Amino acid sequence: MKKVSAWLTAIIMALGLGLMVPGSASATPSYCGLAWGSLAKTSPAMSAASVTNVRSGKYYCFDRLVIDIKGKASGYNVRYVSKVVQDGSVLPIKLRGGAFLQVTAHSPSYDSATGKATFVPANRSEVTNVSKYQTFRQVAWAGSFEGRTTLGLGVRARLPFKVFTLAGPGNGSRLVIDVAHQW
């Protein structure tokens, strides 16, 4: 009787803690507490503010891509695609990785008044070095066409991501894409 009582007590406690309830938050905690998904993220606004730099960073739970913009960042379209294509030509971009994000900032990489380039990558195939990153495999230039700048982001697998904009520094802003290391 003591064994049955102890066993029932353990089950009741586990149920009370949510440990045995399928689908409960406790049963399947998210990676690093991230509640992201892998569906497209988009904001339709357009901006004449121009892209000035592209950089990346490694964090404990995710890898980050940052697009610096001279002025207010407005719109973007970030989505998983079967292949990333060059702006204006639809020629495919070769990318390393098991999945590909097409990252489009609704900002040109040229000054809309003068037509002068505001950002030209030193290496179109390796816009930023991500060789020792946990999730990122490659960042490639896809071009700037009709007020939009596009990058191809090769990642390890189709993983959850989030997209947001940040003000600053100064009058500038940043378009930020974080891709989790795992689900």
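Residue indices begin from 1 for each chain and proceed along its sequence in written order. Thresholds applied to this predicted model are a pLDDT of at least 70 for local features of residues and 80 or more for the giving and counting of side-chain atom pairs; totals over whole chains, interfaces and linings are not thresholded and use all residues. To obtain the side-chain values, all non-hydrogen atoms of the structure were used and water was disregarded.

Caption draft 1: Just unusual backbone geometry, in detail. Note that the residue after Gly168, namely Pro169, is joined by a cis bond; omega there is 0°. Only DSSP runs of H or I reaching four residues or more are called helices, and only runs of E reaching two or more are called strands; each is numbered from the N terminus. Looking at where Pro169 falls in the secondary structure, it is placed in the loop between strand S8 (161–167) and strand S9 (173–180). Look at Val90: it is not a glycine, yet its phi comes out positive at around 55°. Looking at where Val90 falls in the secondary structure, it is placed in the loop between strand S4 (76–81) and strand S5 (99–105). With phi around 50°, Glu146 is a residue other than glycine that occupies positive phi space.

Caption draft 2: Representation of the sheet that holds strand S3 (residues 62–70) within the structure. Two strands make a pair as long as DSSP finds a minimum of two bridges between them. Across the sheet, four strands lie side by side as S2-S3-S9-S8; this open sheet has antiparallel pairing. Of all strands in the sheet, those with a lone pairing partner are strand S2 (50–58) and S8, marking the two edges. On average, each strand axis in the sheet is tilted by 20° relative to the strand beside it, whichever way the strands run. Bridging between S8 and S9 involves seven bridges; their strand directions are antiparallel. In the sheet register, Phe161 faces S9, and the bridge partner there is Val179. Only the stretch in contact is used when a helix axis is fitted, and all axes are lines through C-alpha atoms; the angle between N-to-C directions ranges over 0 to 180 degrees.

Caption draft 3: Seen up close, the packing of aromatic side chains. Ring geometry is summarised as follows: Phe, Tyr and Trp rings, the Trp one being its six-membered ring, pair when their centres sit within 6.5 Å, and such pairs are stacked at plane angles under 30 degrees, edge-to-face over 60 and tilted between the two. What the rule picks out here adds up to five aromatic pairs. Arranged with centres 5.9 Å apart and planes meeting at 10°, the rings of Tyr133 and Phe136 form a pair that is stacked. Here the term buried applies to any residue with accessible area under 20% of the maximum for its type, exposed to any over 50%, and partly exposed to those in between, with areas from a 1.4 Å probe on protein chains only. Phe136 sits in the buried class, given a relative accessible area of 0%. Members of the aromatic cluster, connected to one another through ring pairs, are Trp36, Tyr59 and Phe62. The rule for a charge over a ring is simple: NZ of Lys or CZ of Arg within 6 Å of the ring centre, and within 35 degrees of the ring normal. Residue placement shows Lys41 over the ring face of Phe161; its charged tip is 3.9 Å from the ring centre. Directly above the aromatic system of Tyr59 lies the positively charged group of Arg64, at a separation of 4.9 Å from the ring centroid.

Caption draft 4: Just the state of the cysteines, in detail. Any two cysteine sulfur atoms lying within 2.5 Å of each other are counted as a disulfide. Under the defined criterion, the tally for this structure stands at one disulfide. Two residues, Cys32 and Cys61, share a disulfide whose sulfurs are 2.0 Å apart. Negative torsions about the S-S bond denote left-handed disulfides, and the value of about -80° found for Cys32 with Cys61 makes this one left-handed. With Cys32 in the loop between helix H1 (2–17) and strand S1 (41–43) and Cys61 in the loop between S2 and S3, this residue pair connects regions lying 29 residues apart in the sequence. Judged by relative accessible area, which is 36%, Cys32 ranks as partly exposed.

Caption draft 5: The sheet that holds S5, seen in detail. Taken in spatial order, the five strands line up as S1-S4-S5-S7-S6 in an open sheet, and their pairing is antiparallel. With partners counted over all chains shown, the strands left at the sheet margins are S1 and strand S6 (136–145), one partner each. Averaged over all neighbouring strand pairs, the angle between strand axes comes to 20°, with direction disregarded. Relative to S5, S4 runs antiparallel, the two being bridged by six bridges.

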